[in-house]
Amino acid sequence: MIDLKFLRENPDVVRASQRTRGEDPGLVDVLLEADSSRRAAVLAGDQLRAEQKALGKKVGKASPDERPALLAGASELAAKVKAAEAAQNEADAALDVAARKISNIVEDGAPAGGEDDYVLLETVGEIPTFDFEPKDHLELGESLNLIDMERGAKVSGSRFYFMTGYGALLQQGMLQLAAQKAVKNGFQMMIPPVLVRPEIMAGTGFLGAHADEIYRLEADDLYLVGTSEVALAGYHSGEIIDLSDGPKRYAGWSSCFRREAGSYGKDTRGIIRVHQFDKIEMFSYIKPEDAAAEHKKLLEFEREMLAAVELPYRIIDVAGGDLGSSAARKYDCEAWVPTQNAYRELTSTSNCTTFQARRLGVRYRDENGKPQTAATLNGTLATTRWIVAILENHQQADGTVRVPEALVPFVGTDVLR
Ligand code: AMP
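Residues numbered from 1 in each chain as written. Predicted model: local features only at pLDDT ≥ 70, side-chain atom pairs only at ≥ 80, totals over all residues. Heavy atoms only, no water.

- Going by an unreviewed UniProt entry, the protein carries the name Serine--tRNA ligase and comes from Rhodococcoides kyotonense.
- Quoted verbatim from the Function (unreviewed entry) field of the UniProt record, the comment on the protein reads "Catalyzes the attachment of serine to tRNA(Ser). Is also able to aminoacylate tRNA(Sec) with serine, to form the misacylated tRNA L-seryl-tRNA(Sec), which will be further converted into selenocysteinyl-tRNA(Sec)."
- Comment text from UniProt for the protein, heading Subcellular location (unreviewed entry), reads "Cytoplasm". (UniProt positions renumbered as here; feature names shortened; annotations may be inferred.)

This is the structure we're talking about:
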């Protein structure tokens, strides 16, 4: 949720942010209206309660003659207070609805537009050239017994798979390497729950426009997370945390579940876009003034991991319309996928500023001891999808795949054959 005080003082900044995202700037006025109606309702309620209190005192001191008229006035006032409280509840609810419609305020400098309007920041590494016809990740995965899509579909349906044998070891090894790097970079490892309460899912901003992406367990009123970011954001909900010694950094290791509702017909081959995958996600709680610098650090940590698995990639500055509701700025790293002749997203790091923490009630004390809303950031350190790029970029003429040196100790072999 955006800061209402900021909105009142800077409505044009929020309108401009809406335009950068391609979202309706008119929603800003709807929210301002809802905010002033709520403030008026609170004021009216406060005034009536003050009157009620004063009248109560008068009744206490009144003579028997005065009392009946005062009591009649008191019951009339009580009815008004009740009505004012109902009006306030209604105004609260209307404010909440209007506030949920406004996405986070885009960081200055983020490109405007949609999915294709990103800005290319950097290209890293050499695109491999093959003197043979390269196979795609599924062909390699099947011929080397690393991935079993057929049985995945038999057991769970389309977009499910088994990672098998060295495929499973490759994934586990990559995640383990990511975990080691995360710890070295000051993150506390976490294995969070993958089922969360609705208020935690809503607080992280995932129940907005893309709510149909999320699996819900109706009988238990719980949601399956699409990323451990959700549980890690909820970890300190309703708390005042100590940020006096620097940020709190967590790295969550979890399976992630996505309905991929809007992706019909897209990436239907292999494990690029699946309903369940594994991920190590970095998550930082930090003072808002330090969030932009932390964002650059998360990107650096992602780069370190991409270098460790020896992948060519590029970094893009994601445009406003593709940020999702919580992010103010997002950088994606996209690895080269030879058989697609294209870069595909492997990581994404977002600066969510105070947007998630405000709704979740995560605060810290400033230097005057006053509670302030914290900022949150997240970033991908490794996912199942990385296997696609690892297999395709490191394949050899004889149909085997070279295991990147950093992963050899985890996988137990330097060539998958
Ligand atoms: P996101 O949380 O949407 O920014 O995604 C983070 C990372 O998770 C992406 O960069 C991909 O590596 C991976 N990912 C996202 N969605 C899927 C999916 N449906 N299947 C496999 N990997 C995915």
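The structure having been displayed, the exposition proceeds.
### Here's the deal with the pattern of salt bridges
Then step 1. Tallying each qualifying case throughout the model produces 25 salt bridges.
Then step 2. With a shortest N-O distance of 2.9 Å, Arg-329 and Glu-107 are connected by a salt bridge. One end of the pair, Arg-329, is in strand β12 (residues 329-337); the other, Glu-107, is in the loop between α4 (67-100) and β1 (119-124), with 222 residues separating them in the sequence.
Then step 3. What makes Glu-107 partly exposed here is its relative accessible area of 23%.
Then step 4. Counted as one network, the salt bridges with shared partners bring together Glu-260, Asp-267, Arg-273 and Arg-344. (Salt bridge = Lys/Arg side-chain N within 4 Å of Asp/Glu carboxyl O. Helix = DSSP H or I, 4+ residues; strand = E, 2+ residues; numbered from the N terminus. Buried < 20%, exposed > 50% of the residue type's maximum accessible area, 1.4 Å probe, protein only.)

### A word on the sheet that holds strand β8 (residues 240-241)
Then step 1. Ordered in space as β8-β14-β15, the three strands form an open sheet in which the pairing is mixed. Lying at the two open borders of the sheet, with one neighbouring strand each, are β8 and β15 (371-373).
Then step 2. Judged from the two bridges that link them, β8 and strand β14 (residues 363-365) form a sheet pairing that is parallel. In the strand pairing of β14, Ile-240 is matched with Arg-363. (Pairing = 2+ DSSP bridges.)

### Side note on the UniProt feature "binding site: ATP" (unreviewed entry) in the protein
Then step 1. Summarizing the sequence annotation, UniProt attributes the feature "binding site: ATP" (unreviewed entry) to Arg-258, Arg-259, Glu-260, Val-274, His-275, Gln-276, Phe-277, Glu-345, Leu-346, Thr-347 and Ser-348 in the numbering used throughout.
Then step 2. Within the secondary structure layout, His-275 lies in the loop between β9 (248-257) and β10 (276-286).
Then step 3. Setting aside residues no more than four positions away along its own chain, His-275 makes contact with Ser-158, Arg-159, Phe-160, Tyr-215, Cys-256, Phe-257, Arg-258, Arg-259 and Glu-260.
Then step 4. Within the secondary structure, Glu-345 sits in strand β13 (residues 342-351).
Then step 5. Overall, the relative accessible area of 33% leaves Glu-345 in the partly exposed class.
Then step 6. The residues touching Glu-345, leaving out its near neighbours within four places in the chain, are Asp-332, Cys-333, Glu-334 and Arg-385. (Contact = heavy atoms within 4.5 Å.)

### Focus on the site of the ligand
Then step 1. Around the ligand sit 14 residues in total, of which Arg-258, Glu-260, Val-274, Glu-345 and Leu-346 are the nearest.
Then step 2. One nitrogen or oxygen atom from the side chain of Ser-348 is found 3.5 Å from an oxygen atom belonging to the ligand.
Then step 3. Within the complex, 88% of the 480 Å² of free accessible area of the ligand lies under protein.
Then step 4. Looking at the shell around the ligand, the elements that each hand over two or more residues are β10, β13 and β16 (375-383).
Then step 5. The dominant element in the shell around the ligand, judged by the number of residues it contributes, is β13, at four residues.
Then step 6. A per-class count over the shell around the ligand returns four nonpolar, four polar and six charged. (Near = heavy atom within 4 Å. Polar contact = N/O pair within 3.5 Å; in protein donor to acceptor, adjacent residues only side chain to side chain. Areas by Shrake-Rupley, 256 points an atom, 1.4 Å probe, with all protein chains shown as cover. Nonpolar A, V, L, I, M, F, W, Y, C, P; charged D, E, K, R; others polar.)

### Looking at the sheet that holds β16
Then step 1. One open sheet accounts for eight strands, arranged β1-β11-β12-β13-β16-β10-β9-β4; its pairing is mixed. One side of each edge strand has no neighbouring strand; the edge strands of this open sheet are β1 and β4 (188-190). Ignoring strand direction, the axes of neighbouring strands in this sheet form an average angle of 25 degrees.
Then step 2. Bridge count for β9 against β10 is ten bridges, and the pairing is antiparallel. The residue bridging Ala-251 from the neighbouring strand is Met-282, located in β10.
Then step 3. Packed on one face of the sheet, helix α10 (residues 291-308) meets β1, β9, β10, β11 (313-317), β12, β13 and β16 and runs near 5 degrees to β16.
Then step 4. Across the sheet, helix α12 (residues 386-393) is in contact with β12, β13 and β16; its angle to β12 comes to roughly 35 degrees. (Axes fitted to C-alpha atoms, helices over the stretch in contact; angles between N-to-C directions.)

### Quick notes on the nonpolar core
Then step 1. In terms of nonpolar packing, the biggest core is built from 57 residues, with Ile-147, Ile-271, Met-305, Leu-391, Leu-407 and Leu-416 touching the most fellow members.
Then step 2. When residues no more than four places from it in sequence are discounted, the contact partners of Met-305 are Met-174, Leu-177, Ala-178, Lys-181, Leu-381, Ala-382 and Trp-386.
Then step 3. Formed by 21 residues, the second largest nonpolar core is a distinct cluster that contains Met-201, Ile-241, Ala-357 and Val-362. (Core = buried A, V, L, I, M, F, W, Y, C linked by side-chain atoms within 4.5 Å.)

### Comments concerning the environment of Ile-105
Then step 1. Structurally, the position occupied by Ile-105 is in the loop between α4 and β1.
Then step 2. Spatially, the C-alpha atoms of Ile-105 and Ser-17 are 5.5 Å apart, while their sequence positions differ by 88 residues.
Then step 3. Not counting residues up to four positions away in its chain, the partners in contact with Ile-105 are Ile-2, Phe-6, Val-13, Val-14, Ser-17 and Ala-328.

### So, the packing of helix α7 (residues 165-184) against α10
When two helices pack together, their arrangement is given by the angle between the helix axes and the distance between those axes.
Then step 1. At a closest axis distance of 11 Å, the pairing of α7 and α10 adopts a crossing angle of 140 degrees. Judged by the angle between their axes, α7 and α10 are oblique. Both α7 and α10 take part in a crossing whose hand is right-handed. Listed contacts from α10 to Met-174, Leu-177, Ala-178, Lys-181 and Lys-184 of α7 are Glu-304, Met-305 and Ala-308.
Then step 2. Residues belonging to the contact of α7 with α10 are distributed by class as follows: five nonpolar, no polar and three charged. (Parallel < 35°, antiparallel > 145°, perpendicular 65-115°, else oblique. Left-handed = near helix turned anticlockwise from the far one by under 90°.)

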